[in-house]
Amino acid sequence: MNPHQVEAALFALKSPLSKGVLLADEVGLGKTIEAGLVLSQRWAEHKRRIILIVPASLRKQWQQELFEKFSLRSEIMESATYKAVQKQGHFHPFAAVQGIIICSYEFAARKADELRSIAWDLVVFDEAHRLRNVFKKDGSPASTPPRSASPPAAQVAKPKTRLEKTEAKRAQFQAKLEAIRAHRAGLPPGSGRFLDAQGKERRFEKYIAAFDAEIASMRARIRPAEPEPPAAAPAAFPTSPPLTTTPAPSSNGQDERAALLERLRHLEIQGQKFRQGSPKMHRNQIARIEISRKIAALDRRSDPMAPSLPGSSESRTKQDLLDEMLRRATARADGSEPL
């Protein structure tokens, strides 16, 4: 036993009101001895409802260390031991065992509800870095209790677009904010925990306001679908052919234009996910320009009375701009023109 081990044990026992301590000495400096000293002190104080949660491969080693160095007997709780105690008529085997209990992380996760129902005098976690994902949804089974599987009807489809992901994240932050507010309502005003909860509430309100601004910006960039023009009602008594010689736009042309517009909107939403200057972004721009050219060509065919002079046609000017943008985007994608 070394002086630094005694100091670590005294540090762990110094404040009886603390929620716990972390013994994080380097490898080989005797963290097991430090924890054993704390266990011995609690045992001497007749606070003997103690449990050690350790990796499965270290259960025997902990049992031997406690007996050889501190003369403390312990019981390894596993599936076989648990069932054996139940056969003796004990409904809660953890509460029935007298003395120190040692179990693995996996077994503790399966029996989490029963472990929570017992008022332990001391709980020791060995290799505590296994608990780093305990508050994450995707935590490993070794560090988190198993979640009950939801029925297929209750499962919600995962968001696909960036807007849907942002809205889902905003809903998660809103739920956390409501939980913080409910927790703060039960605290005495002016206390340290009350002020901490109040600070968290303000931070989450700022996060939600930022999400709202981002969602509004995304929705503004998504243009609404253009309504199709209403079909003209047929004449009740047609007596003569129409005087105008302008051919009416065919339904096939309208369907093609609506499909192109839908494809263009899809590419615009998809382009928001790509990094500026990346090859994927260049390919996305080229596809959008080509679709825009097709839409402009359909508009010219559906309106033959529009002016067609090179210098005065607005549609011709748009066509020239689209051709120039397509040439530049293609050159950037090939690497012949610098970004």
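Residues numbered from 1 in each chain as written. Predicted model: local features only at pLDDT ≥ 70, side-chain atom pairs only at ≥ 80, totals over all residues. Heavy atoms only, no water.

### Considering the environment of Lys47
Test applied: Numbering of helices and strands starts at the N terminus; helices are DSSP runs of H or I of at least 4 residues and strands are runs of E of at least 2.
With respect to the helices and strands, Lys47 occurs in the loop between helix H2 (31–44) and strand E1 (50–54). Along the primary structure Lys47 and Asp121 are separated by 74 residues, whereas in three dimensions their C-alpha atoms are 5.7 Å apart.

### Comments concerning the sheet that holds E1
Basically, it comes down to this: Think of it this way: DSSP has to see at least two bridges between two strands before they count as a pair. Whenever a helix is involved, its axis is fitted only over the stretch in contact; in every case the axis is a line through C-alpha atoms, and angles between N-to-C directions fall within 0 to 180 degrees.
The sheet built from 4 strands is open, its strands ordered E2-E3-E1-E4 with parallel pairing. Both edges of this open sheet fall to strand E2 (74–76) and strand E4 (122–125), since each of them pairs with a single strand only. Direction aside, neighbouring strands of the sheet carry axes that sit 20° apart on average. Inspection of the sheet shows E1 paired to strand E3 (residues 100–104) by 4 bridges, in the parallel sense. Looking at E3, one finds that Val54 is bridged to Ser104.

### As for helix H8 (residues 162–185)
Let me state the cut-off plainly: For a helix, the expected span equals 1.5 Å multiplied by the number of residues minus one. Using a 1.4 Å probe on the protein chains alone, a residue whose accessible area is under 20% of its type maximum counts as buried, one over 50% counts as exposed, and one in between counts as partly exposed. Any two residues whose heavy atoms approach within 4.5 Å at even a single point are treated as in contact.
The end-to-end C-alpha distance of H8, which contains 24 residues, comes to 35 Å, matching closely the 34 Å that a straight helix rising 1.5 Å per residue would cover. Taken residue by residue, H8 has Leu163, Thr166, Phe173, Leu177 and Ile180 as its buried positions. Where H8 is buried, its residues contact helix H9 (192–221).

### Some words on the confidence of the model for the chain
Low-confidence regions, as indicated by low pLDDT, have predicted coordinates that should not be scrutinised in detail. Operational definition: Within a predicted model, pLDDT stands for the predictor's per-residue confidence, ranging from 0 to 100.
Scored by pLDDT, the chain has a mean of 76; 71% of the residues are at 70 or more. Mean pLDDT across the secondary structure elements of the chain bottoms out at helix H12 (residues 314–334), with 62, and peaks at E3, with 93. Note on residues 306–315: pLDDT is under 50 here. Beyond four places in sequence and across chains, it has 4 contacts.

### Overview of a nonpolar patch on the surface
In plain terms, the rule: Here a patch means residues that are over 30% exposed by relative accessible area and free of salt bridges, tied together within 9 Å if like-charged and within 5 Å if nonpolar (Val, Leu, Ile, Met, Phe, Trp, Tyr). For every accessible area listed, the method is Shrake-Rupley and the probe measures 1.4 Å; residues are considered covered only by the protein chains on display. Salt bridges are defined by distance alone: a side-chain nitrogen of Lys or Arg within 4 Å of a carboxyl oxygen of Asp or Glu.
A cluster of nonpolar side chains, Met1, Val6 and Leu10, forms an exposed patch at the surface whose accessible area comes to about 310 Å². On the basis of relative accessible area, Leu10 is assigned to the exposed category, the value being 52%.

### Side note on the nonpolar core
Nonpolar side chains in soluble globular proteins tend to end up buried together. What counts is decided by this rule: Only buried residues count toward a nonpolar core. Its members are Ala, Val, Leu, Ile, Met, Phe, Trp, Tyr and Cys residues joined through side-chain atoms within 4.5 Å.
Ranked by internal contacts, the top residues of the largest apolar core, which has 19 residues, are Leu39, Leu52, Trp62, Leu66 and Ile102. The greatest single-element share of this core, amounting to 5 residues, is contributed by H2. Apart from the residues within four sequence positions on either side, Leu52 is in contact with Leu39, Trp62, Leu66, Ile100, Ile101, Ile102, Cys103 and Val124. If you look at the next biggest cluster of nonpolar residues, it comprises 14 residues, including Ile53, Cys103, Tyr105 and Ala108.

### Considering the environment of Ile50
Among the secondary structure elements, Ile50 is positioned in strand E1. Filtering out sequence-adjacent residues up to four positions away, Ile50 remains in contact with Leu39, Arg42, Trp43, Gly99, Ile100, Ile101, Trp120 and Leu122.

### Overview of the packing of aromatic side chains
Just so we agree on the cut-off: Each Phe, Tyr or Trp ring, with Trp reduced to its six-membered ring, pairs with another whose centre is within 6.5 Å; inter-plane angles below 30 degrees give stacked pairs, above 60 give edge-to-face pairs, and intermediate values give tilted ones. To sit over a ring, a charge needs its Lys NZ or Arg CZ within 6 Å of the ring centre and within 35 degrees of the ring normal.
One pass over the full model with this rule turns up 8 aromatic pairs. Centroid distance Phe173 to Phe211: 5.2 Å. Interplanar angle 65°. Geometry classified as edge-to-face. Separated by 38 residues along the polypeptide, Phe173 in helix H8 and Phe211 in helix H9 bring together distant segments of the chain. Judged on exposure class, the residue Phe173 and its partner Phe211 are both buried. Put simply, the rings of Phe173, Phe204, Tyr207 and Phe211 touch in pairs and so form one group of aromatic residues. The ring of Tyr82 carries the charged tip of Lys111 above its face, separated from the ring centre by 4.2 Å.

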